[in-house]
Amino acid sequence: MTHQQPHNKVPVNSAAILVINCGSSSVKFSLINPVNGETLLSGLAECLLSSDASITIKKNNTKDTLKLAAPFDHQTALSILVTQLQQLDLVKDIATVGHRVVHGGEKYAQPTLITDEVEQAIDQLAKLAPLHNPANLIGIKACQQAFPDLPQVAVFDTAFHQTMPEKSYVYGLPYSLYQEHGIRRYGFHGTSHYFVAKQAAKQLNKPLEQCNLISAHLGNGCSVTVIKNGESVDTSMGMTPGEGVMMGTRCGDLDSGIIFYLVDNLGYSINDIDKLVNKESGLLGISGLSNDCRTLEDAMLADNNAQAKLAMTVFCYRIAKSIASYSASLTQLDGLIFTGGIGENSTWVRTEIVKLLGLLNFSLDEEKNQATRFGASGNIADKKSRACWVIATNEEWVIAEQSAVLLRNSMQ
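Within every chain, residues take consecutive numbers counted from 1 along the sequence as written. In keeping with the model being predicted, local features are shown solely for residues with a pLDDT of at least 70 and side-chain atom pairs are shown and tallied solely at 80 or more, while totals for entire chains, interfaces and linings include all residues. Side-chain figures throughout are based on the complete set of non-hydrogen atoms in the structure, without hydrogens or water.

The name that an unreviewed UniProt entry assigns to the protein chain is Acetate kinase, with the source organism given as Colwellia psychrerythraea. UniProt positions are given in the numbering used here, feature names are shortened, and annotations may be inferred rather than shown by experiment. The record in UniProt for the protein chain states the following under Function (unreviewed entry): "Catalyzes the formation of acetyl phosphate from acetate and ATP. Can also catalyze the reverse reaction." What UniProt states about the protein chain under its Subunit (unreviewed entry) heading is, verbatim, "Homodimer."

Asks: Looking at this model, I keep getting lost on helix H2 (residues 116–124). Mind explaining?
Replies: Side chains that are three or four residues apart share a direction in an α-helix, a result of its 3.6 residues per turn. Of all the residues in H2, the buried ones are Val 118, Glu 119, Ala 121 and Ile 122. Looking straight down H2, one finds its buried side chains confined to an arc of 160 degrees; they lie on one side. Of the exposed residues in H2, the ones pointing more than 90 degrees away from its buried face are Glu 117 and Gln 124. Contacts between residues were defined by any pair of non-hydrogen atoms, one from each residue, lying within 4.5 Å. Per the convention used, a helix needs a DSSP run of H or I reaching at least four residues, while a strand needs a run of E reaching at least two, with both numbered from the N terminus. Looking at the buried residues of H2, the elements they touch are strand E6 (94–101), strand E7 (112–113), helix H3 (133–146) and strand E8 (152–156). Only protein chains enter the accessibility calculation, which uses a 1.4 Å probe. A residue is then buried if its area is under 20% of the maximum for its type, exposed if over 50%, and partly exposed in between. Arc definition: directions from the helix axis to the C-beta atoms.

Asks: Explain empty space enclosed by the protein here, please?
Replies: Any space left empty among the atoms is revealed by the rolling of a water-sized probe across them. The way it works is a 1 Å grid over only the protein atoms, where trapped points that fit a 1.4 Å probe form a cavity and open points with protein on both sides within 12 Å along at least five of seven lines form a pocket, and then any residue with an atom within 4 Å of a point lines it. Grid points are joined across faces, edges and corners, and a volume is the space filled by probe spheres set on the points. Enumeration over the complete set of coordinates arrives at one cavity of 30 Å³ or more. Roughly 40 Å³ of internal volume is contained in the largest cavity. Every residue along the wall of the largest cavity is listed here: Val 170, Tyr 171, Leu 173, Pro 174, Tyr 175, Leu 177, Tyr 178 and Ile 183. Three classes are used: nonpolar for Ala, Val, Leu, Ile, Met, Phe, Trp, Tyr, Cys and Pro, charged for Asp, Glu, Lys and Arg, and polar for all others, with Gly counted as polar. Tallied by class, residues from the lining of the largest cavity come to eight nonpolar, no polar and no charged.

Asks: How should the packing of aromatic side chains be read in this particular structure?
Replies: Classification of ring pairs rests on two measures: the distance between centres of Phe, Tyr or Trp rings, Trp counted by its six-membered ring, which must be within 6.5 Å, and the angle between planes, read as stacked under 30 degrees, edge-to-face over 60 and tilted in between. Here the structure, examined in full by the defined rule, presents five aromatic pairs. Between Phe 160 and Tyr 194, the aromatic rings sit 5.8 Å apart at their centres with planes inclined by 55 degrees, giving tilted as the arrangement. Linking Phe 160 in the loop between E8 and helix H4 (166–169) with Tyr 194 in helix H6 (residues 190–204), this pair joins segments that are 34 residues apart in sequence. In this structure Tyr 194 comes out as partly exposed when scored by relative accessible area, which is 21%. Pairing Tyr 169 with Tyr 178 gives two aromatic rings, centres 5.7 Å apart and planes at 55 degrees, and the pair type is tilted. Tyr 178 shares its class with Tyr 169; the two are buried. One aromatic cluster in this structure is built from Tyr 169, Tyr 175 and Tyr 178. Whether a charge lies above a ring is judged from NZ of Lys or CZ of Arg, which has to be within 6 Å of the ring centre and within 35 degrees of the ring normal. The ring of Tyr 169 carries the charged tip of Arg 184 above its face, separated from the ring centre by 3.7 Å.

Listed below in structure tokens is the structure:
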């Protein structure tokens, strides 16, 4: 029997949206006003199914952390959330639950009401995102039990990139692998790139559809996207989040011959390689110290740690090279956006990247660069430069906004 969306009794225009981002061992949640982005309640359950499991809930400018004994699973975390919402008398104000789903393949280019068919598709797409889609499904099923009377909406990380032309997403492999097995570039962080592009359009006082931008989402996972006339036309991540620039623990682009060398000469198994390129490489692999940019900056600047400096230098160079390569996709460029945990907070990283982009007419006002951190947004370019913004991303607000719009349209 096909799962039918429950009838929504809350007027969407006056309602809040509960946003769920479910990982394999975590649940991040926010209750958001989709109109103005106000967060009424938020929290994070982490280290689920371990002895370190905990849940932190922020509300009314306070933060409470509960440490609970294992087993402490996703359903338990959501049950605590429901209790908190009930105590605050907020359940009645929720119109729908919006879920971040990492991989939507080619099938889903828009937010989608979740049915049995959609759940099956998310499950089938797990072969393209084995670390993410199964966890997203756990969150969906747990929320269906916790909130049986609420519609559930899926918002896909890959959706924004479905406007990429074929020349951007086809690999140099036999075309039949794409036709028969969906092996192509999909891109990720789409919700973040879309949000910051909209904010940049406001700064330019132009419709998004008239804006040409390059967006660098830099965190433990990193991706660069080129946005032409408001649409994604190329992005650095590929079929999986492993392609593209170097990241916290991922190596990014890699000569495929290295994999054969590791197998044939060093005895690596496929599982060994998967662990190597996804969990032991990037900033962590080169530095031998940490995948955390803050730790490496301290080691580099305070302790003159050569490996930390090398890791950070390679990181910035790869990102700058990716940004510069996207000039091939544009005939004009309005500006560059930094976002994500590193992009929003590391003045050193921004400085080093922009130093390498002089040919694209980018240069920074160092005073503005130093001042624009910790949630602050603004143009950090000097007067001679193209615009260069730091924009704090808000993927949860996008999920809330798009869920509300979808629900409103489905009720008309």
